[in-house]
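Listed below are the residues making up each chain.
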Amino acid sequence: MCARVYLNGDGIGRGTHMSLYFVVMKGEYDALLPWPFQRRVSLILLDQSAARRHLKDEFLPDPTSTSFKRPENAEMNVASGCPLFVAHAVLDNADNNYIKDDTLFIKLVVDMSNMQLI
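Residues numbered from 1 in each chain as written. Predicted model: local features only at pLDDT ≥ 70, side-chain atom pairs only at ≥ 80, totals over all residues. Heavy atoms only, no water.

With an unreviewed UniProt entry as reference, the chain is termed Tnf receptor-associated factor 3, source organism Plakobranchus ocellatus.

Draft legend 1. View of the sheet that holds strand β6 (residues 106–110). Pairing is antiparallel across the open sheet formed by three strands, whose spatial order is β4-β3-β6. Each edge of the open sheet is held by one strand with a lone partner, namely β4 (55–59) and β6. Looking at each pair of strands side by side, their axes are set apart by 15° on average, direction ignored. The pairing of strand β3 (residues 41–45) with β4 spans five bridges and is antiparallel. Opposite Ile44, over in β4, you have Lys56 as the bridge partner. (Pairing = 2+ DSSP bridges. Helix = DSSP H or I, 4+ residues; strand = E, 2+ residues; numbered from the N terminus. Axes fitted to C-alpha atoms, helices over the stretch in contact; angles between N-to-C directions.)

Draft legend 2. Examining the side chain of Asn96 more closely. Topologically, Asn96 is positioned in the loop between α1 (88–92) and β6. Its relative accessible area of 15% is what places Asn96 among the buried residues. Reaching out from Asn96, the side chain makes a polar contact with the backbone oxygen of Val90 at a distance of 2.9 Å. Not counting residues up to four positions away in its chain, the partners in contact with Asn96 are Arg53 and Val90. (Buried < 20%, exposed > 50% of the residue type's maximum accessible area, 1.4 Å probe, protein only. Polar contact = N/O pair within 3.5 Å; in protein donor to acceptor, adjacent residues only side chain to side chain. Contact = heavy atoms within 4.5 Å.)

Draft legend 3. Spatial organisation of the nonpolar core. Core analysis: the largest hydrophobic core is formed by 16 residues, its most contacted members being Phe22, Phe37, Val41, Leu43, Leu45 and Phe85. Contributing elements (two or more residues each) for this core: β2 (17–23), β3 and β5 (80–87). For Phe85, the contacting residues outside a window of four places in its chain are Met18, Ser19, Leu20, Leu43, Ile44, Leu45, Leu55 and Asp57. (Core = buried A, V, L, I, M, F, W, Y, C linked by side-chain atoms within 4.5 Å.)

Here's what the structure looks like:
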């Protein structure tokens, strides 16, 4: 797995939003994993203040999407996520602490509870 971040946006978010995506990649243990990938994915932009007003988007993968099938012919699948994850206006707002010292933190969480290997 990997994350893709487009700070100046991607697709419909270009120029107005930060876009954030989750990507399933080919790995050496793919034969041991259940396919298609069906774990809940959380994409989180961390608030660096004590308020901890993190921005979060979650999704359950669509098992019919090629984005979540076992990668066989390429090193990675098509990314899936949020082209409109957070507006630049939110990031630029001085009252928010998503960017501090020119740094932002992104967290991806994949729910691995009850995972059974083949």
